[in-house]
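What the coordinates show
Now for the letters of each chain:
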Amino acid sequence: MSTKLNDVETIDSNDDDDGSTVLITHENNSTSTPSAKSDGGHQTHAIRRRTDSAPAAMTTDGKVIRKKKKGSRGKTTRSEDDTNALIKYGSLVLLVAQMVGLVLLMRYSRTVESADGEMYLASTAVFVMEAMKFVICNAVILYQADGSVVALGEQLYFHVFQTPFEVVKLFVPSLLYTVQNNLLYLALTNLDAATYQVCYQLKILTTALFSAVMLNRKFSAKKWFALVMLTVGVALAQKSGSGDSHTNRHGAEAEEQNRFVGLVAVLCAACTSGFSGVYFEKILKGSSVTLWIRNIQMGLPSVLIALTGIYVKDSATIAAKGMMVGFTPLVWTVIFIQAAGGLIVAVVVKYADSVLKVFAASFSIVASCIVSVFLFDFRPNLSFCFGTVLVCLSIVLYSRPDKIRRKRRILPVNRSG
């Protein structure tokens, strides 16, 4: 059955750029097909189709003119994509700056004495950093609670005081992270920044080994090859004997002794980093507690452990010269960058993908070597350069996802006799 239409036609469309429903209304008294519903002499057909056009206009002679109009949802989507891209790459730049800047500034702060000729205490710096990190985590929780101090207090009371067992479980990584931070200061006191950056990548190897043991995680042959390449690269870098002008200031014998102490400190820091990271991941699995609450639960014992370490290690110096001896604006900058590093990493984990994070790690190694040449008179030899290349390639290879092999389905063949 056919449908008669007159010359007056209006078309209404929503502003969805992906696919819209176009409503065609015909004003007449014609008969219609049974599939069309009429109401008050208006015939309406709902047609689902792909369109980028906006609501149409009609001229006096009955012709329909379509006007292109950008949808509001398209504008919002593009705006959100631009904002996310800005945050992603901005946080990536901050992560690289934090990786490179922290190591270089920490190395510089451990080689330059203050105006009064005193070197600051590493144990005091670790304590101030842990306390600052604890304050930053509380500030993030307060921001998430829309500035409500009452809500912050309720969360702290529930997750800290009413769940003491959770805080006790985090005592192990808290202790290891505090020891690790002290080892990093010891390593950068005796090693140049470039060698430290390359050797500290052994934390990838220790993390993989502890993951295989504690989490029963399986690794492909490609990843094991990347870990072997990483180990060879680190061995070449530390065997090269490359150093900066500050490393050679006390003669050859002291240089070897200091270099050995620095390498042992880096190796121990890599082990504590791998174990504490895997242990922390094991605790977080299946838990509904947010990462910031976990950091607060871990930060409380970390502050107490760091405070204890001050008086165990440097009680005599503190009694004679004070707790903040040797603190300069440079030292405060190092502490703040180290404390804020957790915030930057959290943003990168949320917005950036694994490829960009691997790029940041590799680029930070190369950048540290280049800056050390100009800032510390670092002179790398061929062995160090080759080892650095192997370390960067191993990081990229290890981070590449494994290909999933799909089994081909073989359909049975029917043979007719």
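Residues numbered from 1 in each chain as written. Predicted model: local features only at pLDDT ≥ 70, side-chain atom pairs only at ≥ 80, totals over all residues. Heavy atoms only, no water.

For the rest of this paragraph, the subject is helix 2 (residues 122–144). Under the 1.5 Å per step criterion, the end-to-end length of helix 2 is 33 Å for 23 residues, consistent within 8% with the ideal 33 Å. Positioned one or two residues after helix 2, D146 has a phi angle of 60°, which is positive. (Helix = DSSP H or I, 4+ residues; strand = E, 2+ residues; numbered from the N terminus. Expected span 1.5 Å × (residues − 1).)

Our focus in this paragraph is the confidence of the model for the protein chain. Scored by pLDDT, the protein chain has a mean of 74; 68% of the residues are at 70 or more. Long-range and interchain partners of residues 63–73, a stretch whose pLDDT sits below 50, account for 26 contacts in this model, where long-range means more than four residues apart. When the criterion is pLDDT under 50, residues 248–256 qualifies, and its contacts beyond four places in sequence or with other chains add up to three contacts. (pLDDT = per-residue confidence, 0-100. Contact = heavy atoms within 4.5 Å.)

The topology assignment puts F260 in helix 9 (residues 252–284). Classification of F260 as exposed rests on a relative accessible area of 58%. Once the C-alpha coordinates of F260 and N190 are considered, the two residues, 70 residues apart in sequence, prove to be 8.3 Å apart. (Buried < 20%, exposed > 50% of the residue type's maximum accessible area, 1.4 Å probe, protein only.)

Our focus in this paragraph is helix 3 (residues 149–161). Here helix 3 spans 17 Å end to end across 13 residues, near enough to the 18 Å set by a 1.5 Å rise per residue. Of the positions making up helix 3, those classed as buried are L152, H159 and V160. Angular distribution of buried residues about the axis of helix 3 spans 90°; they occupy a single face of the element. Exposed residues lying more than 90 degrees from the buried face of helix 3 are V150, E154 and F161. On its buried face, helix 3 is in contact with helix 2, helix 4 (164–169) and helix 10 (291–313). (Arc of directions from axis to C-beta.)

For the rest of this paragraph, the subject is the packing of aromatic side chains. To describe a pair of aromatic rings, one takes the distance between the centres and the angle between the planes. Within the structure shown, the criterion is met by 11 aromatic pairs. Measuring from centroid to centroid gives 6.2 Å for Y120 and F327, while their planes differ by 75°, and the two rings are edge-to-face. Residue Y120 is located in the loop between helix 1 (72–109) and helix 2, and its partner F327 is located in the loop between helix 11 (315–321) and helix 12 (329–351); the two are separated by 207 residues in the primary sequence. For F327, a relative accessible area of 16% puts it in the buried group. Measuring from ring centre to ring centre gives 5.3 Å for F327 and W332, while their planes differ by 65°; the resulting arrangement is edge-to-face. Classification of W332 by relative accessible area gives partly exposed; the value is 39%. Ring-pair connections join several aromatic residues into one group, and the members of that group are Y120, Y185, F327 and W332. (Phe/Tyr/Trp six-rings, centres within 6.5 Å; stacked < 30°, edge-to-face > 60°.)

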